[in-house]
Amino acid sequence: LDTRPRLTPTEASALAVLVHGGAMGLGTLAMHEGVRPPSMTRTVGVLEARGYVRRAPDPNDGRGVVLSVTPEGRRVFRAGHRRLMAPLIRHLHALPPDARRRLEQALPTLLELPA
């Protein structure tokens, strides 16, 4: 029986934005995800119910909230990231040393590519 937390792609993406981007308002998170705030409200509600995200009053906007990732949310994010990266890591380790060296030399150029 697989007991790992299951996130929808939308939930996982929103969690990733918060992990990498830090605390932010609901509207900002919705903008990053390309969705309307009501849709993001539902997604955040699921993440909050699972204990992955917390809401706090926005000190600059009495009606707004600031969202942040909980320690459990970070743990779930890291575990999911490791699961996704495991096959790539295995393939990279299986490459001959010369091929790994060429990839390392290409990294600066790859990092300059637009996101």
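See above for the structure.
Residues numbered from 1 in each chain as written. Predicted model: local features only at pLDDT ≥ 70, side-chain atom pairs only at ≥ 80, totals over all residues. Heavy atoms only, no water.

Draft legend 1. Summary view of the layout of surface pockets. By volume, the largest pocket amounts to about 310 Å³. What lines the largest pocket is a set of 13 residues, and nearest its centre among them are Ala12, Gly80, His81, Arg83 and Leu84. Broken down by secondary-structure element, the contributors of at least two residues to the lining of the largest pocket are α1 (9-21) and α4 (71-94). If you tally residues by element for the lining of the largest pocket, the top one is α4, at six residues. For the lining of the largest pocket, the residue count by class is eight nonpolar, three polar and two charged. (1 Å grid on protein atoms, 1.4 Å probe; cavity = no way out; pocket = protein on both sides within 12 Å on 5 of 7 lines; lining within 4 Å. Points joined across faces, edges and corners; volume = space filled by probe spheres on them. Helix = DSSP H or I, 4+ residues; strand = E, 2+ residues; numbered from the N terminus. Nonpolar A, V, L, I, M, F, W, Y, C, P; charged D, E, K, R; others polar.)

Draft legend 2. Representation of the environment of Leu110 in the model. Within the secondary structure, Leu110 sits in helix α5 (residues 97-111). According to the relative accessible area criterion, Leu110 is partly exposed, its value standing at 46%. Sequence separation between Leu110 and Met85 is 25 residues; the distance between their C-alpha atoms is 18 Å. (Buried < 20%, exposed > 50% of the residue type's maximum accessible area, 1.4 Å probe, protein only.)

Draft legend 3. The arrangement of helix α3 (residues 37-49) in detail. Here α3 spans 18 Å end to end across 13 residues, near enough to the 18 Å set by a 1.5 Å rise per residue. All of the buried residues in α3 are Met40, Thr43, Val44 and Leu47. With its buried residues spanning 100 degrees around the axis, α3 presents them on a single face. Of the exposed residues in α3, those oriented more than 90 degrees away from the buried face are Arg42 and Ala49. (Expected span 1.5 Å × (residues − 1). Arc of directions from axis to C-beta.)

Draft legend 4. How the structure looks around the environment of Thr43. Here Thr43 shows up in helix α3. Relative accessible area serves as the criterion here: at 10%, Thr43 is assigned to the buried category. Between the C-alpha atom of Thr43 and that of Gly62, which follows or precedes it by 19 residues, the distance is 22 Å. If we skip the residues at most four places from it in the chain, Thr43 touches Thr10, Glu11 and Ala14. (Contact = heavy atoms within 4.5 Å.)

Draft legend 5. Main features of the sheet that holds strand β3 (residues 61-69). Spatial ordering of the open sheet is given by β1-β3-β2, a layout of three strands whose pairing is antiparallel. Whereas interior strands pair on both sides, the edge strands pair on one side only; in this sheet they are β1 (24-25) and β2 (53-58). Sheet topology places β2 next to β3; six bridges connect them, and they run antiparallel. Across the sheet, the residue bridging to Arg54 is Ser68, located in β3. (Pairing = 2+ DSSP bridges.)

Draft legend 6. Summary view of a positive patch on the surface. Among the surface-exposed residues, Arg74, Arg78, Arg82 and Arg83 lie close enough to one another that they form a single positively charged patch. Mapped onto the fold, Arg74 is located in helix α4. Judged by relative accessible area, Arg74 falls into the partly exposed class, the value being 35%. (Patch = residues over 30% accessible without salt bridge, like charges linked within 9 Å, V, L, I, M, F, W, Y side chains within 5 Å. Areas by Shrake-Rupley, 256 points an atom, 1.4 Å probe, with all protein chains shown as cover. Salt bridge = Lys/Arg side-chain N within 4 Å of Asp/Glu carboxyl O. Lys, Arg positive; Asp, Glu negative; His and termini not counted. Charge placed at Lys NZ, Arg CZ, Asp CG, Glu CD.)

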